[in-house]
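Remarks on the overall topology
If you want the building blocks of each chain, they are given just below.
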Amino acid sequence: MDAVVETIGLKKVFRDFWHRDKARAVDDLNLTVRRGEVFGLLGPNGSGKTTTIKLLLGLLFPTSGTVRVFGLSPRNISVKSRIGFLPEESYLYKYLNANETMDFYGRLFGLSSSERKIRTEKLLKMSGLMPSRRRPVGEYSKGMARRIGLAQALINDPDLVIMDEPTSGLDPIGRQEVRQLVLELKKLGKTVLISSHLLADVEDICDRIAILYAGRLIAEGSVKELLTRKDVTHISVSGVPRSTVERVVNALRDESAKVDVNTPMSSLEEFFLSAIRDLESAERQKSPVEQVKIASADEKQSVIERLTID
Amino acid sequence: MKLLAIAINTIRHVVRMKLALVFVLFLVVVLASVPFTLKSDGTQKGKVQITLAYSLGLLNIVLSVLTLFLSTSTFCSDIRNKVMFTIDTKPVKRWEILAGKWLGVMIVNTALLLCLGGAIYGAVMYLGRPLEGRDGEHPELMRDVLTARVEIVPAVSRKTGRTASVVPFRHEKEWVFENIGCSDSEKVITLKFRYYTSGSSDEKISGLWTARSEDRGFYEHVTSLPAKSFHEFRIPASVVSPDGRLKISFLNVSAPGVSVIFPGEDVTILYRAGNFGGNFFRALLLVLLRLAFIAAVALGASTFLTFPVAALFSIFVLIMSLSVSSFSVLIQGSPLPESGSSRETVVPAAALARKVAAAALKVLPDLRAYDPVPYLAGGVLIRWRRVIEGLIWVVLLRSGVTGCLAYVIFNRRELAIMQ
């Protein structure tokens, strides 16, 4: 699979007026998002998710390392024409209505008048904003503002959709709709990069995820790979009498096996929290210098393995 | 198309956020009250002159402030509200964002200038209509104000620059004018002058003016007029030689001991060369050139400063640009300090400071030189050459360089880092 997004040793340090290091937002981040996959960038607040996205969009410049989107710099115009971006909050002109907003962004993509008209209508219908398309965006509720933000992100029929906290501000139905939309985009062969801290929202839709903490990558892989408990075997049976099940369970116990009839999968939220807790307690016991070292390849691998086996 | 999209959006921003409304309302109210509130000399000519000067001057100032405010606010608010994040992630080059904003502000300026300038033109035409019972005043108004006259400075003054002349009692001073190209249909030309006196400023100065050319005879005119203000009198155009030469002399016949001082370029010949409407239009173009520069500076400042700081910076540049000629005179005219033993260190430092100041002033355009008010109030023709000069020096060069600098700064800026 081709790499749509690739970061190599990406680092972003925010500096103060005197050029002294203020905060290390992203540290040695190596990430690959492949064509056609839904990739989740997860982490608690302040973990560097949004900074990473801003680096991928050229809104921030790396302190060191490389960012490539479609094999080029994210500031390249041809790259930008293939990206749809939904920011954390809908940063739109409040005085424009939905039609004008879509038309404005459509013009920035150089779309023809007829194309803009067709896409605007389709996307406003999809986002349920047709009845309020003539109201200024500034009068929209938070949910409506997210929808118009999402619609504008898709005006260019992008190959890569980057969504920063797409479900924030949406009610459960809106969140479900976003999830549905992401799956539809995937069906259309689009690559989707989602950043979120609402783990339940992305658990079902992401092919692969990366977990960031304090600017560092602490886990990366497919959802299945990360959430599967490798020391547990899940036997699924149906149409078997209870007595038969009990015999099987007893036979397994005779083998000193621990038997649990519940689902073998933990939720992503549990996994995420335990990963963070483990890392925090590990770091509390180390000096600041050692804390930095934890991101080295071997140690990181051991953390990932510990987290995934747990 | 992208540039135009940003320009149209900037216009929407100005209109819907009602940014220009307060300024325009203020301007309309003040302009409407100018003819009724300002005191003139009571003549129709005086009233039209003062209305023209104050309303156009006010329009110039208010639109300058409005441009400065619009340019900084439209750009800074996009960055502050993070709308720029959304725009910058679209396939738009950053110079297109800057140029689009500038274009939008200039379209708003042009529309406002045409509307309000048109209103001023209408008001002036209304005030300048023939009035019943004051028939004698109207031809003078048409001849001196509601016209477009070429202004010729003396040939010597053109070559040597501004030099003042002192004319003692019973002495004569002569000026030579060349290239007077008045057409045969013009019956008269006008001599405009201003002088100062060594005596009391209230005292009237008497003088004998003579206009002559080698093969067209001469014309004499006696004046007894106060000092300090400009005066005019008419001379038959027939005294101008066919090759456009004319000698004007002034004989001081005031009183023994009273000298008359003529500052450089304060004696000029005027003759009609166009109409007021065309001249007024060119005056509006000069205003537009100034606004183009202000918009470029304000947008440039907004690429690296926050709104209030960018606005203050732009105001500073505007004031300096309006004072270029005054500062240049001050810098060139003041002597270097001489202070005994410390002279060796003071003089080079002062000389260096002077060079830096002079260089800084050269970077800025002399906006005062493109002020249309003195032209229109004096009925002086604004040549197309002047407008084109302004277009090249103020818009293409100064605004262009400012725009390029702004692009370099903006292109290097990490938009997601707040200043």
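Let me begin by describing the structure that accompanies this report. All of these numbers come straight from a predicted model, not from anything done at the bench. (Residues numbered from 1 in each chain as written. Chains lettered and ligands numbered in written order. Predicted model: local features only at pLDDT ≥ 70, side-chain atom pairs only at ≥ 80, totals over all residues. Heavy atoms only, no water.)

Details of the overall build of chain B
- Within chain B one finds 13 helices and 11 strands.
- Buried residues in chain B amount to 48% of all 419 residues.
- Restricting to contacts in chain B with at least 6 residues of sequence separation, those with at least 24 account for 81%.
- As displayed, chain B offers around 19900 Å² of accessible surface, 64% of which is attributable to carbon and sulfur atoms. (Helix = DSSP H or I, 4+ residues; strand = E, 2+ residues; numbered from the N terminus. Buried < 20%, exposed > 50% of the residue type's maximum accessible area, 1.4 Å probe, protein only. Contact = heavy atoms within 4.5 Å. Areas by Shrake-Rupley, 256 points an atom, 1.4 Å probe, with all protein chains shown as cover.)

Some words on the sheet that holds strand β10 (residues 260-262) of chain B
Residue and element names in this part refer to chain B.
- The strand order β2-β10-β5 describes an open sheet built from three strands, whose pairing is antiparallel. In this open sheet, the two strands that pair with only one neighbour each are β2 (165-167) and β5 (196-197).
- Of the strand pairs in this sheet, β2 and β10 are connected by three bridges, and their pairing is antiparallel. Following the sheet pairing, Ser165 is matched in β10 by Phe262. (Pairing = 2+ DSSP bridges.)

Quick notes on the interface of chain A and chain B
- Taken residue by residue, the interface counts 29 residues in chain A and 31 residues in chain B.
- Both faces considered, chain A and chain B share a buried interface measuring about 2900 Å² in area, 64% of it formed by carbon and sulfur atoms.
- The largest contributions to the chain A side of the interface with chain B come from A:Tyr91, A:Tyr95 and A:Leu108, which together make up 25% of the buried area.
- Our count for the chain A to chain B interface comes out at three salt bridges.
- For A:Lys80, the salt bridge identified is with B:Asp88, shortest N-O distance 3.8 Å.
- Counting across the chain A and chain B interface gives 12 residue pairs in polar contact (both at pLDDT 80 or more).
- Counting only elements with at least two residues in the side of chain A that touches chain B, the list comes to β1 (3-15), α1 (49-57), α2 (77-80) and α3 (98-108) of chain A.
- The biggest single contributor to the side of chain A that touches chain B is α3(A), with five residues. (Buried area = accessible area lost by both parts, 1.4 Å probe. Salt bridge = Lys/Arg side-chain N within 4 Å of Asp/Glu carboxyl O. Polar contact = N/O pair within 3.5 Å; in protein donor to acceptor, adjacent residues only side chain to side chain.)

Let's talk about unusual backbone geometry
All names here are of chain A.
- A positive phi is found at His19, a non-glycine position, where the angle reads about 70°.
- On the secondary structure map, His19 appears in the loop between β1 and β2 (21-34).
- One non-glycine residue, Glu165, adopts positive backbone phi at about 50°.
- By the secondary structure assignment, Glu165 is in the loop between β6 (160-164) and α6 (172-187).
- Owing to a relative accessible area of 6%, Glu165 belongs among the buried residues under this scheme.

A closer look at helix α5 (residues 142-153) of chain A
- Along its 12 residues, α5(A) runs 17 Å from first to last C-alpha, staying within 8% of the 16 Å computed at 1.5 Å per residue.
- Burial runs high along α5(A): 10 of the 12 residues are buried.
- What α5(A) keeps buried is the set A:Gly143, A:Met144, A:Ala145, A:Arg146, A:Ile148, A:Gly149, A:Leu150, A:Ala151, A:Gln152 and A:Ala153.
- Buried residues along α5(A) sit against β5 (83-86), α3, α4 (113-126), β6 and α6 of chain A together with α4 (83-88) of chain B. (Expected span 1.5 Å × (residues − 1).)

Looking at α1(A)
- Of all nine residues in α1(A), nine are buried, a share of seventy percent or more.
- For α1(A), every residue scored as buried is listed here: A:Lys49, A:Thr50, A:Thr51, A:Thr52, A:Ile53, A:Lys54, A:Leu55, A:Leu56 and A:Leu57.

Some details on the pairing of strand β1 (residues 148-152) of chain B
All names here are of chain B.
- Of all five residues making up β1, four are buried, and the element is well covered by its neighbours.
- As defined by bridge partners, β1 adjoins strand β11 (residues 267-274) across five bridges and the pair is classed as antiparallel. Opposite Ile152, over in β11, you have Ile269 as the bridge partner.

Thoughts on the nonpolar core
- Of all hydrophobic cores here, the largest spans 96 residues; its most connected members are A:Phe104, A:Tyr105, A:Ile148 and A:Met163.
- Not counting the four nearest positions on each side in its chain, A:Ile148 is found in contact with A:Leu92, A:Ala98, A:Thr101, A:Met102, A:Leu124, A:Leu129, A:Val137 and A:Tyr140.
- Membership of the second largest hydrophobic core comes to 58 residues, among which are B:Leu112, B:Leu141, B:Leu284 and B:Val324. (Core = buried A, V, L, I, M, F, W, Y, C linked by side-chain atoms within 4.5 Å.)

Observations regarding the packing of aromatic side chains
- Enumeration over the complete set of coordinates arrives at 23 aromatic pairs over all chains.
- Geometrically, the ring pair formed by B:Phe23 and B:Phe69 is tilted, given 6.1 Å between the ring centres and 40° between the ring planes. With B:Phe23 in helix α2 (residues 21-37) and B:Phe69 in helix α3 (residues 44-80), the pair connects residues that are 46 residues apart, well separated along the chain.
- Each ring, one from B:Trp209 and one from B:Phe262, has its centre 6.0 Å from the other, and the planes form 85°; the classification is edge-to-face. Taken together, the residues span a long stretch of sequence, with B:Trp209 in strand β6 (residues 204-213) and B:Phe262 in strand β10 at a distance of 53 residues. In this pair, the class of B:Trp209 matches that of B:Phe262, namely buried.
- Three or more aromatic residues joined by ring pairs form one cluster here, namely B:Trp175, B:Phe193, B:Tyr195, B:Trp209, B:Phe233, B:Phe250 and B:Phe262.
- Here the basic side chain of A:Arg82 rests over the ring of A:Phe70, its NZ or CZ set 3.8 Å away from the ring centre.
- Sitting above the plane of the B:Tyr126 ring, B:Arg129 keeps its charged end 4.0 Å from the centroid. (Phe/Tyr/Trp six-rings, centres within 6.5 Å; stacked < 30°, edge-to-face > 60°. Lys NZ or Arg CZ within 6 Å of the ring centre and 35° of its normal.)

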